[in-house]
Amino acid sequence: MVNKKTFPVRPAHPERICWGCDLYCKAGEMRCGNGAERTQHPCETWGDDWAETALDSESTTVPAPSSQKSEN
């Protein structure tokens, strides 16, 4: 059985870690090559209440694909 890492909701120092993958590398020692810069934690971009105000699947509506073919 494989245990998944839990994503921290309120880390103490989010600016010290890259949140772009499961490696959680230090900001200056990124190993994954997931870009040139560190990926920010959601609390850094959306605020400390990001988990409570994040969109959930029930409140988000996605338009259904059109079943009619367009005529050209």
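Residues numbered from 1 in each chain as written. Predicted model: local features only at pLDDT ≥ 70, side-chain atom pairs only at ≥ 80, totals over all residues. Heavy atoms only, no water.

Some remarks on the overall build of the chain
A tally of helices and strands in the chain yields two helices and zero strands. A fraction of 31% describes how many contacts in the chain between residues 6 or more apart in sequence connect residues 24 or more apart. On the chain, roughly 6,500 Å² of surface is accessible, and the fraction owed to carbon and sulfur atoms is 51%. (Helix = DSSP H or I, 4+ residues; strand = E, 2+ residues; numbered from the N terminus. Contact = heavy atoms within 4.5 Å. Areas by Shrake-Rupley, 256 points an atom, 1.4 Å probe, with all protein chains shown as cover.)

A few points about the pattern of salt bridges
Enumeration over the complete set of coordinates arrives at two salt bridges. When the shortest N-O distance is used, the salt bridge between E52 and R10 registers 3.4 Å. Residue E52 is found in helix 2 (residues 50-53), and its partner R10 is found in the segment before helix 1 (42-46); the two are separated by 42 residues along the sequence. Judged by relative accessible area, which is 53%, E52 ranks as exposed. You can call R10 exposed: its relative accessible area is 54%. The salt bridge partner of R38 is E44, with a shortest N-O separation of 2.9 Å. Looking at R38, the relative accessible area reads 21%, which means it is partly exposed. (Salt bridge = Lys/Arg side-chain N within 4 Å of Asp/Glu carboxyl O. Buried < 20%, exposed > 50% of the residue type's maximum accessible area, 1.4 Å probe, protein only.)

Brief notes about the environment of C21
Tracing the backbone through its elements, the reader meets C21 in the segment before helix 1. Among the residues examined, C21 registers a relative accessible area of 24% and is labelled partly exposed. For the pair C21 and T39, spaced 18 residues apart in the sequence, the C-alpha separation amounts to 8.7 Å.

Let's talk about the packing of aromatic side chains
With the rule as written, the count across this model stands at three aromatic pairs. In this structure an aromatic cluster arises from ring pairing among F7, W19, Y24 and W50. (Phe/Tyr/Trp six-rings, centres within 6.5 Å; stacked < 30°, edge-to-face > 60°.)

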